[in-house]
Amino acid sequence: MEAVLGAAPRTARLVCASATAPALLDGDAASTFAPTVRDRAKDALLVDARAAAGVVAGALRAGARHGRVTIRDDRSALEALRRVLRADDPPCEAAVVFVNDGDAAIAVANALRTRCNVDALPLAGAVSGDDRAKAVRHLAAGAAPAVVVATEVAARGLDARRVTHVVNHDSLPSTPAHYAHRAGRCGRAPGAPAFVVSLCRSREARVLDGFARELDVPIHDLELAGGALFLADKTPP
């Protein structure tokens, strides 16, 4: 940022947009910037992602349905994931499964292929460019359910219009903004179905409740039975 601001003409109109800009300019890290650069950045318009609730909510697809499945441990998480991806109702055409890091992306994709008979590929920083391209093609044209297991960073900018499901697998998003942007990976084609399912432990339920309030979207308790997902307070199909 210092190089960019230092090179910009004094008459340039500047917009400084960052989720972490206030902390950088006012916290301990502020001393790493030259005073003139720091002052110019403060004078620029600061867009804090935490205050951009309308923009964040706009990343959510109209008509998308949001739910959570309570799990006990990692073993039950994989089984719940398999059942979500293999459910007859709603059927999964293609899915992006979010995990914590690149190692988890590779491990979960391997487990889905070898233990669950689900065709899944990893998408993470450790994946080569060729394998990334293969994963994107898989989402677009692979046999249903076509699954990519991804880290949040690797999935940024992913525009696979066929994706019907987003699943938060081994970790919940850290903020409502991250939840919204993950959720925005599904239902991108006009009229396409969109399902966002979070696998969470009971202690994590209040985190999702907070996201639901801030984003103004209902996140329903779901159960799995008979090849279907259904609301926990309803009779199984």
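Above: the structure in question.
Notes on the structure in this doc start here. (Residues numbered from 1 in each chain as written. Predicted model: local features only at pLDDT ≥ 70, side-chain atom pairs only at ≥ 80, totals over all residues. Heavy atoms only, no water.)

1. Some words on the packing of helix α5 (residues 74-86) against helix α6 (residues 102-116)
1) Next: Where α5 contacts α6, the two axes come as close as 11 Å, and the packing angle between them is 70 degrees. It follows from the interaxial angle that α5 and α6 lie roughly perpendicular. Residues Leu78, Leu81, Arg82, Leu85 and Arg86 of α5 lie in contact with α6, whose contacting residues are Val108, Ala111, Leu112, Arg115 and Cys116.
2) Next: Tallied by class, the residues present in the contact of α5 with α6 amount to 7 nonpolar, no polar and 3 charged. (Axes fitted to C-alpha atoms, helices over the stretch in contact; angles between N-to-C directions. Helix = DSSP H or I, 4+ residues; strand = E, 2+ residues; numbered from the N terminus. Parallel < 35°, antiparallel > 145°, perpendicular 65-115°, else oblique. Contact = heavy atoms within 4.5 Å. Nonpolar A, V, L, I, M, F, W, Y, C, P; charged D, E, K, R; others polar.)

2. Notes on the side chain of Ser171
1) Next: Positionally, Ser171 belongs in the loop between β7 (165-168) and α8 (176-183).
2) Next: Relative accessible area serves as the criterion here: at 11%, Ser171 is assigned to the buried category.
3) Next: Of note is the side chain of Ser171, whose polar atom sits 3.0 Å from the side chain of Asn100.
4) Next: Beyond its immediate stretch of four places on either side in the chain, Ser171 contacts Val99, Asn100 and Arg182. (Buried < 20%, exposed > 50% of the residue type's maximum accessible area, 1.4 Å probe, protein only. Polar contact = N/O pair within 3.5 Å; in protein donor to acceptor, adjacent residues only side chain to side chain.)

3. Remarks on helix α7 (residues 129-141)
Residue pairs spaced three or four apart in an α-helix point in one direction, given the helix's 3.6 residues per turn.
1) Next: The terminal C-alpha atoms of α7, which comprises 13 residues, lie 18 Å apart, in line with the 18 Å expected from a rise of 1.5 Å per residue.
2) Next: Buried within α7 we find Ala135, His138 and Leu139. On an axial view of α7, the arc spanned by its buried residues comes to 95 degrees, and they lie on one face. Those residues of α7 that are exposed and aimed more than 90 degrees away from the buried face are Gly129, Asp130, Arg137, Ala140 and Ala141.
3) Next: Buried positions along α7 lie against β4 (94-98), β5 (120-123) and β6 (146-150). (Expected span 1.5 Å × (residues − 1). Arc of directions from axis to C-beta.)

4. So, the packing of α8 against helix α9 (residues 205-215)
1) Next: α9 packs onto α8 with a crossing angle of 80 degrees between their chain directions and a minimal axis gap of 9 Å. Accordingly, the angle class assigned to the pair α8 and α9 is roughly perpendicular. Seen from α8, the contacting residues are Pro176, Tyr179 and Ala180; seen from α9, they are Leu208, Phe211, Glu214 and Leu215.
2) Next: In terms of residue class, the contact of α8 with α9 is built from 6 nonpolar, no polar and 1 charged.

5. Remarks on the side chain of His66
1) Next: Inspection of the secondary structure puts His66 in strand β3 (residues 65-70).
2) Next: The buried category is assigned to His66, whose relative accessible area is 6%.
3) Next: Separated by 2.8 Å, the side chains of His66 and Tyr179 make a polar contact.
4) Next: Apart from the residues lying within four places of it in its own chain, the contact partners of His66 are Leu60, Tyr179, Ala183, Val196, Val217, Pro218, Ile219 and His220.

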